[in-house]
Structure formats: C-alpha cells, structure tokens
Amino acid sequence: MSQLKKGDWLFLIDDLSNFSPSKRMPVDDAVIKKLHVEFSQFAEKLNKKGIKLAVLHAIPFARDAQCPPIVASNQWYNSLSNSCIFFSRKQTLARRASLDSMFKDLQKTGNFTVVDLFDIFCPGLVCNYNANDGTVLYRDCLLYTSDAADEEDS
C-alpha cells in the first residue's frame with residue numbers, strides 16, 4: 001500500500017464463494033452488510049490518496065461440483081462420462097444475487113469498480129470450466145485438499 005501513488009489501481013482478486021453460500025442463512029445478510037462497509041471504507045481511504053479500486057466479481061461455483069478440471073474436460077481417456085454436477089447459469093446468478101446487489105451499490109460511489117467476467121466464464125446454460133467450443137477457460141487450483149486425497153486412498 002505504501003508504494004501506491006495517485007492514479008494507480010488496486011485490483012483485488014479473491015474467491016468470493018464464501019459470500020454466496022448455496023444455502024442462505026439469516027447471518028449471511030449480516031456478513032454481506034459487513035463486507036459492504038469494509039469495501040466502502042477501504043475504497044474511500046484509497047480514493048483520498050487518488051488510488052482506484054477494482055474487484056473481480058465471483059466466478060461460477062465450479063469447485064462446488066467436486067470435480068477437478070481434468071475430469072470435467074472431455075479427454076480421450078474419460079470421454080464416456082464424469083461425475084461432475086455443475087450449477088446452471090440461473091442457479092449461479094441466483095446464488096450470487098446478494099453480491100451483485102452489494103457491488104452495484106458500491107459502484108454508485110464512483111470509488112469502486114467491479115470487473116464481472118461471468119458471461120465469459122459461463123457462456124452456456126451450465127457453468128463449468130469450458131467455453132462453448134470446449135476450450136478450458138480456467139482451472140481452480142484450490143479444488144481439493146490433502147484430506148480429500150487421503151479419503152480416496154482409504
């Protein structure tokens with residue numbers, strides 16, 4: 001932060017899936033409100049120094065399909081089927097609606113920019129790792145932990 005100068009941009013990229021749980025609870029609204037306040041205060045602090053803030057909006061919840069990209073992509077050795085259960089575009093948009101609302105509100109201040117690549121990462125009716133032509137768009141490196149690997153070995 002100390003090296004940022006007037007006119008610089010700070011671009012935050014984070015996995016925001018924790019702020020869009022698959023099953024919403026009353027506490028989730030409080031969490032979104034707190035995130036809104038924190039982002040707002042941070043953006044204002046940067047704005048006073050002439051620094052702009054941009055945040056990457058949540059990407060589709062492919063990790064929740066419990067399916068690594070290598071299994072999800074059609075390969076000559078696994079083209080028959082896979083165990084991936086991806087969310088539809090409609091389900092994904094509904095799940096991230098609270099984040100959408102918060103980000104739209106924050107953008108109104110002029111101190112905050114949201115980069116939303118949803119249409120690129122989910123070009124079809126189902127959000128998975130691939131473009132319509134089969135090109136792998138991204139890989140989620142945090143898909144499995146060593147605990148999951150240990151369970152497979154037992």
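Just so it is clear, the model here is predicted, and its values are computed rather than measured.

Enquirer: Break down the pattern of salt bridges for me, citing the residues and quoting the values.
Expert: Taken as a whole, this structure holds five salt bridges when the rule is applied. With a shortest N-O distance of 3.6 Å, Asp100 and Arg96 are connected by a salt bridge. You'll find Asp100 and Arg96 in the same group, each marked buried. With a closest N to O distance of 2.6 Å, Asp116 and Arg96 form a salt bridge.

Enquirer: Tell me about the environment of Thr113, and please be specific about residues and values.
Expert: Position of Thr113 among the secondary structure elements: in strand 3 (residues 112-115). With 56 residues separating them along the chain, Thr113 and His57 place their C-alpha atoms 9.9 Å apart. Those residues in contact with Thr113 that sit more than four places away from it in its chain are Trp9, Leu53, Ala54, Val55 and Gln107.

Enquirer: Describe in detail the state of the cysteines, supporting the description with residues and values.
Expert: Following the criterion strictly, the structure yields one disulfide and no others. Each sulfur in the disulfide pair Cys122 and Cys127 lies 2.1 Å from the other. An S-S torsion of about -85° defines the bridge between Cys122 and Cys127 as left-handed.

Enquirer: Before we move on, can you summarise the pairing of strand 1 (residues 9-12) with the specific residues and values?
Expert: Sheet topology note: the strand 1/strand 2 (residues 52-56) ladder contains four bridges and is parallel. Paired with Phe11 across the strands is Ala54, a residue of strand 2. Handedness of the β-α-β unit built from strand 1, helix 1 (residues 26-48) and strand 2 comes out right-handed.

Enquirer: How would you sum up helix 1? Please name residues and give values.
Expert: Over its 23 residues, helix 1 extends 34 Å from the first C-alpha to the last, a length consistent with the 33 Å expected when each residue adds 1.5 Å. Buried residues of helix 1: Asp28, Ile32, Leu35, Phe39, Ala43 and Leu46, and no others. Packed against the buried residues of helix 1 are strand 1, strand 2, helix 4 (97-107) and strand 3. Of the residues trailing helix 1, Gly50 is marked for its positive phi of about 80°.

Conventions adopted
- Residues numbered from 1 in each chain as written.
- Predicted model: local features only at pLDDT ≥ 70, side-chain atom pairs only at ≥ 80, totals over all residues.
- Heavy atoms only, no water.
- Salt bridge = Lys/Arg side-chain N within 4 Å of Asp/Glu carboxyl O.
- Buried < 20%, exposed > 50% of the residue type's maximum accessible area, 1.4 Å probe, protein only.
- Helix = DSSP H or I, 4+ residues; strand = E, 2+ residues; numbered from the N terminus.
- Contact = heavy atoms within 4.5 Å.
- Disulfide = S-S within 2.5 Å.
- Pairing = 2+ DSSP bridges.
- Right-handed = clockwise from strand over helix to strand, strands pointing away.
- Expected span 1.5 Å × (residues − 1).

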